[in-house]
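Now for the letters of each chain:
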Amino acid sequence: MAPGSGEINMKNIAPHGRTARKCVPAKRVLWRFAATAMLPFKLVYSDDYYLPIGTHVFPAEKYSRVHHKLIETGTAEASDFVTPRPATDQDVLRVHTPQYVHKLKTGTLSAKEELEMEVPYSPELVRAFWLAAGGSILAADHALDQGVAISIGGGFHHAFPGHGEGFCMIHDVAIAIRRMQYDKKINRAMTLDCDVHQGNGTAAIFPSVRNRRAPLPSTGAPTLNPVPPAEALNTHDGEVFTISLHQENNYPMWKPPSAIDVNLPDEIGDDEYLGWLDNAFSAGLSMFTPDLLCYIAGADPYREDQLGGLSLTLEGLKRRDELVFKMAQAHNIPVMVTLAGGYARRLEDTVTIHCNTVVAAKEVFSKPA
C-alpha cells in the first residue's frame, strides 16, 4: 500500500495484479532533428528482440517500432546500431541457478512457474531472452568505452535467480553487471530503476548489505506524504547499489528492499517525481561511487499507461531521462540504458517515450561535459 493511503482497492487492480488506468487524451511529442548525424554512442538492437508471446499486454512489436522511428525521424542512422549476440549459458549462470536454467533450456517449467512468469513459455522465447541479455552485455561494454550506450530492449528486472516473474524470464541487467565484473572491467555498479514497478528481482539478486534503514534526505524534494516514502541504507559495502523509484500501490505486492526505495504515491506528476529522482540519485551517489550506471528507463510511469498509476507526461519522462544523463555525465559515470516496461493504451506513445530516451541522450552527450 502507498504510505498513508490505507488498503489497496482491488477494483483498481488489473487481472495480472498491476494497476489499471483510464485513458486520457494527450499530445504525442517526439523531438526531431533537422538532419541525421551520427550519434556519439551506440544503440544495441536486433530484429530478433521480438518476444513471441502472441496477444499480450506487453507490446512485443515495440522494439522494431522504436528502431524504425529513430531512423525515420533522423535521430539515428543505420551505422549507429550494433547487433548483439546471445548471452552464453555461462553468462546466465552467473546470476541464475543451474536448476532454473536447465528447466528453461529443456522446457520443463512447472505450470506454476510458467504462470508466475506471465508469458507463455517456448524455446523461441528462451532464445529471445538470451539475446536480450547479450544486448545488455554489449551495451555495458560500449558504455564503458564511449560513456553511454542504449539497448533498444532489456530491463527485465522482475526475474529472480531461480524463477521468472512479471513478463521477465531472466535478468539481463544483472547478467551484464556480472559479466563486466567477471571480465574485470568494473568492480562496482549502480542500478537506477525508473520503471513504475519496483525492481524486485534486482533487489533479490543484489541484496542490501545493511538492514538498518533511515529516511532518505529530502532537501530540495517536495513533501509527498506525512510518512516519508523513501528509505536509504545507512551504509553500504556491496558491489552493486540498487535504487528503485516506483509506485508503491502496484505490482509486485512483496518488494524486497533495494539500497534506496522511493515508494511513490498514486498520481504523482512530473515535478514531484523529478524532485524525488534528483533526491534519490544524489543520495545514492553520495554513498556509493559506481564504475557503471545501469539505468532501467521504464516508459510506464506515463499517465496513460495501462499498468501504471503515476501521472507523468511525455515531456516529464524526457526531462527524467535528461536528469539522469546529466548527473551521470557530471560525475563521469558510464551509463548503460535498457528500456524496460511500457504499456500505454496507444502503442505509439510507448514508442515515443522510448525514442525520447535516445533523443535525451543525444542532446546531453553531444555536448561537452
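Reading the values: the criteria
Residues numbered from 1 in each chain as written. Predicted model: local features only at pLDDT ≥ 70, side-chain atom pairs only at ≥ 80, totals over all residues. Heavy atoms only, no water. Helix = DSSP H or I, 4+ residues; strand = E, 2+ residues; numbered from the N terminus. Buried < 20%, exposed > 50% of the residue type's maximum accessible area, 1.4 Å probe, protein only. Contact = heavy atoms within 4.5 Å. Areas by Shrake-Rupley, 256 points an atom, 1.4 Å probe, with all protein chains shown as cover. Expected span 1.5 Å × (residues − 1). Pairing = 2+ DSSP bridges.

Novice: Report on the overall build of the chain, specifying residues and quantitative values.
Specialist: Helix and strand counts for the chain come out as 10 helices and 10 strands. In the chain, buried positions account for 61% of the 369 residues. In the chain, of all internal contacts separated by at least 6 residues, the share reaching a separation of at least 24 is 81%. Accessible surface, the chain: about 14,400 Å² in total, of which carbon and sulfur atoms supply 53%.

Novice: Hey, could you go over the environment of T88 for me, with residue numbers and the actual values?
Specialist: Position of T88 among the secondary structure elements: in the loop between β2 (81-82) and α2 (89-93). In the structure, T88 is positioned 46 residues away from G134 in sequence and 7.9 Å away in space, judged by C-alpha atoms.

Novice: Summarise helix α8 (residues 270-287); cite the residues concerned and give the values.
Specialist: Here α8 spans 26 Å end to end across 18 residues, near enough to the 26 Å set by a 1.5 Å rise per residue. Along α8, the residues classified as buried are D270, Y273, L274, G275, W276, L277, N279, A280, F281, A283, G284 and L285.

Novice: Lay out the pairing of strand β8 (residues 260-264) with the relevant residues and their values.
Specialist: Counted residue by residue, β8 has five buried out of five residues, so it is predominantly covered. Residues of β8 alternate between two faces, with I260, V262 and L264 on one and D261 and N263 on the opposite face, all of them buried. Where strand β7 (residues 240-247) and β8 come together, five bridges link them in parallel fashion. In the sheet register, I243 faces β8, and the bridge partner there is I260.

No statement about biological role is implied by the geometric values presented.
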